[in-house]
Amino acid sequence: MKSLDGAAERVTADALDRFWDGLTAAHPGGPSRPDELLEPSLQRSVRRLRLVDQTPGPDPVFASRLRTELTRRQPALLAIPPAFGGRRFGSLARRRVLVELVVAAALLLAVLGGGPALNLPVSLDPAAPTVAASAAAPGSAGFAAVAACALTVTPEPTSTASGAVPIPTRPAAPVTPATATELC
Amino acid sequence: MEQTWQGAVAVETPLSENDIDREIVARARLDPRAFAPLYDRYLDRIYRYCYRRLSNHEAAEDATSAIFARALAALPNYRDGSFRAWLFVIAHNIVVDTHRRRRPEQPLADAYEPVDHELTPEEAVLASDARQSLHRLLGDLPADQRRVLELRLAGLTGAEIARVLNRSVAAVKMLQLRAMTRLRSELGVTARSREQRHEVA
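Caption draft 1: How the structure looks around the overall build of chain B. Each helix and strand in chain B was counted, giving 9 helices and 2 strands. Reading chain B from its N terminus to its C terminus gives the helix and strand order β-β-α-α-α-α-α-α-α-α-α. Counted over contacts in chain B with a minimum sequence separation of 6, partners at least 24 positions apart contribute 58%. With an accessible surface of roughly 10400 Å², chain B has 51% of that area assigned to carbon and sulfur atoms.

Caption draft 2: Molecular detail of the interface of chain A and chain B. Counting residues at the interface gives 37 residues for chain A and 51 residues for chain B. When the two sides are added together, the surface that chain A and chain B hide from each other amounts to roughly 4200 Å², 65% of it contributed by carbon and sulfur. Looking only at chain A, the three residues that lose the most surface to chain B are Leu-49, Thr-55 and Pro-56 of chain A, adding up to 14% of its buried area. At the boundary of chain A with chain B, the tally comes to 7 salt bridges. In this structure, Arg-67 of chain A and Asp-40 of chain B form a salt bridge, with 2.8 Å as the shortest nitrogen-oxygen distance. Taken together, the links from chain A to chain B amount to 13 residue pairs in polar contact (both at pLDDT 80 or more). Contributions of two or more residues to the side of chain A that touches chain B are made by helix H1 (2-26), helix H2 (40-52) and helix H3 (60-71) of chain A. Sort the elements by how many residues they give to the side of chain A that touches chain B and H2 of chain A lands first, with 10 residues.

Caption draft 3: Region of interest: H2 of chain A. Across its 13 residues, H2 of chain A extends 18 Å between first and last C-alpha, which sits within 8% of the 18 Å expected from 1.5 Å per residue. Within H2 of chain A, burial applies to Ser-41, Leu-42, Gln-43, Ser-45, Val-46, Leu-49 and Val-52 of chain A.

Caption draft 4: Main features of the packing of aromatic side chains. All names here are of chain B. Within the structure shown, the criterion is met by 9 aromatic pairs over all chains. Ring centres of Phe-35 and Phe-68 lie 6.4 Å apart, and the angle between their planes is 75 degrees; on these two criteria the pair is classed as edge-to-face. With Phe-35 in the loop between helix H1 (17-30) and helix H2 (36-54) and Phe-68 in helix H3 (residues 57-73), this pair connects stretches of sequence that are 33 residues apart. Just as Phe-35 is buried, Phe-68 falls in that class too. With centroids separated by 5.0 Å and ring planes inclined at 65 degrees, the aromatic side chains of Tyr-39 and Phe-68 adopt a geometry described as edge-to-face.

Caption draft 5: A look at the environment of Arg-67 of chain A. Here Arg-67 of chain A shows up in helix H3. Apart from the residues within four sequence positions on either side, Arg-67 of chain A is in contact with Ala-36, Tyr-39 and Asp-40 of chain B. Within the structure, the side chain of Arg-67 of chain A is placed 2.8 Å from the side chain of Asp-40 of chain B, a separation counted as a polar contact.

Caption draft 6: Broad picture of the confidence of the model for chain B. Residues and elements named next belong to chain B. Mean pLDDT for chain B: 83, with 78% of residues reaching 70 or above. Across residues 107-112 the pLDDT falls below 50, and counting only partners more than four positions away or on other chains, this stretch makes 16 contacts in the model. Here the prediction assigns the complex a pTM of 0.62, and the interface score ipTM is 0.79.

Calculation criteria
Residues numbered from 1 in each chain as written. Chains lettered and ligands numbered in written order. Predicted model: local features only at pLDDT ≥ 70, side-chain atom pairs only at ≥ 80, totals over all residues. Heavy atoms only, no water. Helix = DSSP H or I, 4+ residues; strand = E, 2+ residues; numbered from the N terminus. Contact = heavy atoms within 4.5 Å. Areas by Shrake-Rupley, 256 points an atom, 1.4 Å probe, with all protein chains shown as cover. Buried area = accessible area lost by both parts, 1.4 Å probe. Salt bridge = Lys/Arg side-chain N within 4 Å of Asp/Glu carboxyl O. Polar contact = N/O pair within 3.5 Å; in protein donor to acceptor, adjacent residues only side chain to side chain. Expected span 1.5 Å × (residues − 1). Buried < 20%, exposed > 50% of the residue type's maximum accessible area, 1.4 Å probe, protein only. Phe/Tyr/Trp six-rings, centres within 6.5 Å; stacked < 30°, edge-to-face > 60°. pLDDT = per-residue confidence, 0-100.

What follows is the structure, encoded as structure tokens:
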């Protein structure tokens, strides 16, 4: 008798599981075919339990904020959300990017000796910052002074092992403001 | 839609939910921005599951945040099988940890807050009553039966629940049956006796 009850219980348990899986697959409120092996009262109980479940969903503000935080966890270039593609991003951050690009370009030209090409004013006083250098960006005055000083420095020729005297050239290695002051 | 061939005829079969999840996971592994669709698909279920377990709006939000953060970080570890079950394993573990961290004197349902965003006052009261009823109904069950029903209400299948709870499928089915048999009368459903059913037939 016990094994029959156990078997009957297993059949009912299987039927209930099938029925509930069917409801799950059909998605919210979707009807499922009644299972002939499942008591109607159990079917009604499952449906009623789902109806009684009035658990609230997440707050939309929380949901949006969490979504943004999660999708922001990546390289900075990829993380610009669409909401910032407009004026708010362009007016401030874009200006900073432009300034940094100008500074980088000025540094590059100074290192490559592009001062004359830009007609940068040359000062005999290497400590005096030039107008162009100070306008480019703060902190770059020293590099303009280096470029200016390099025009006036003539390193003493030294002989090589073969005895030939090399043609004096501008120093190839980048010169820091401190060493430029020494040279000048 | 997935296209297969039956002889010379192309047959389109709709992709299952799990197939869709796996495609999104594959993309999300290459570009984390692609995680957003998974988040959108599961946020509601995860949040409600946490709220049912924790009965507290703030705790549910914290748990939900932790669950998705951990899921995103652990995406490379997802191998195969139901993504939904994999996600709810994370959810289950985080909720259990949350319970453990709670102070013993703090009751489980200390603030059954009605978080009703777009309901009229009357609807809010009814919804609150319904929530309290569900909470009472589930609270009367033994813990293992309650866990099964909570995951059922989150939309998991029996097999997925077995994976989350690390139980056999047969055990989950029995827990489910016993829980619903117990709740049947409390839900106001009358069970007809076998003789009565035969008479009707």
